[in-house]
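Residue strings, one per chain:
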Amino acid sequence: MKKHTYNIRHLCLISLFSALIVIMAQISIPMPIGVPITMQTFAVTIAGIILGSKKGFTATLVYILLGAVGLPVFANFTGGWQSITGPTSGFILSFPLMAYIIGLGTEHRQKFRFCYSFGIALGTILNMLCGILMFCVVTKSPLAVGFATCGLPYIPVTVIKAIAAAISGIQIRKRCYQFLQ
């Protein structure tokens, strides 16, 4: 069993990507239904692709913890416990798992033909599903309402962000591979 340790370079990369998610969260388009369109998922996908499963997971977990303690790191400079327990919290809370799955797909892309694409699709769908389910639980809405409110309007933008992250992320990872290890 391989023991995984982080060195200074890894900690700097994790911090850098946590900061990238904070910055991308502020690129936000408010929507009338309350769930803004942000670039958070783009940044989380990039973190999973470039950092891999474990470091991507850690970077997104650091991001969530920063917001949970009250720092204004979430969309529209919000933070605090209410941000990770409110109607949109499922999207935020699923970021570490999303990054892990995407990172895993990226790490195994050479062994399995469609692993990279599958990992990005699965991570993105899982994020959307968790967001919709948490919205339904918090607002006590039926699943159809949750899907119509938090899912359906966002599918085109989500697909575009996933494709853009997949294309740019793998290119960055290839160019920076030595530094990332």
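Here is what the cut-offs are and how they apply
- Residues numbered from 1 in each chain as written.
- Predicted model: local features only at pLDDT ≥ 70, side-chain atom pairs only at ≥ 80, totals over all residues.
- Heavy atoms only, no water.
- Helix = DSSP H or I, 4+ residues; strand = E, 2+ residues; numbered from the N terminus.
- Buried < 20%, exposed > 50% of the residue type's maximum accessible area, 1.4 Å probe, protein only.
- Phe/Tyr/Trp six-rings, centres within 6.5 Å; stacked < 30°, edge-to-face > 60°.
- Patch = residues over 30% accessible without salt bridge, like charges linked within 9 Å, V, L, I, M, F, W, Y side chains within 5 Å.
- Areas by Shrake-Rupley, 256 points an atom, 1.4 Å probe, with all protein chains shown as cover.
- Salt bridge = Lys/Arg side-chain N within 4 Å of Asp/Glu carboxyl O.
- Axes fitted to C-alpha atoms, helices over the stretch in contact; angles between N-to-C directions.
- Parallel < 35°, antiparallel > 145°, perpendicular 65-115°, else oblique.
- Left-handed = near helix turned anticlockwise from the far one by under 90°.
- Contact = heavy atoms within 4.5 Å.
- Nonpolar A, V, L, I, M, F, W, Y, C, P; charged D, E, K, R; others polar.

Student: Sorry, what's going on with unusual backbone geometry here?
Tutor: For residues that are not glycine, phi is negative in most cases, and the peptide bond is trans in most cases. In this structure, Asn76 takes a positive phi of about 60° despite not being glycine. Tracing the chain through its elements places Asn76 in the loop between helix H3 (53–68) and helix H4 (89–93). Backbone geometry places Phe77, a non-glycine residue, at a positive phi of 55°. Its location among the elements puts Phe77 in the loop between H3 and H4. Judged by its relative accessible area of 59%, Phe77 falls in the exposed class.

Student: Can you help me understand the packing of aromatic side chains in this one?
Tutor: Where two aromatic rings form a pair, the distance of their centres and the angle of their planes describe that pair. Throughout the structure, instances matching the rule amount to three aromatic pairs. Where Tyr63 meets Phe95, the ring centres are 6.4 Å apart and the plane angle is 35°; that geometry is what we call tilted. Taken together, the positions of Tyr63 in helix H3 and Phe95 in helix H5 (residues 95–107) put the pair 32 residues apart, joining distant regions of the chain. One exposure class covers both Tyr63 and Phe95, and it is buried.

Student: Got a minute to help me understand a nonpolar patch on the surface in this structure?
Tutor: On the surface, a nonpolar cluster with roughly 530 Å² of combined accessible area is contributed by Phe147, Leu152, Ile155, Val159, Ile163 and Ile167. When you line up the elements, Leu152 lands in the loop between helix H7 (143–151) and helix H8 (155–175).

Student: Is there a simple way to think about the packing of helix H1 (residues 8–25) against H3 in this case?
Tutor: Two measures define how a pair of helices packs: the angle their axes make with one another and the distance between the axes. Between H1 and H3, whose axes approach to 8 Å, the crossing angle comes to 55°. When the interaxial angle is binned, H1 and H3 end up oblique. Classified by chirality, the crossing of H3 by H1 is right-handed. Of the residues in H3, those touching H1 at His10, Ile14, Phe17, Ser18, Ile21, Val22 and Ala25 are Lys55, Thr58, Ala59, Thr60, Val62 and Tyr63. Residue composition of the contact of H1 with H3, grouped by class: eight nonpolar, four polar and one charged.

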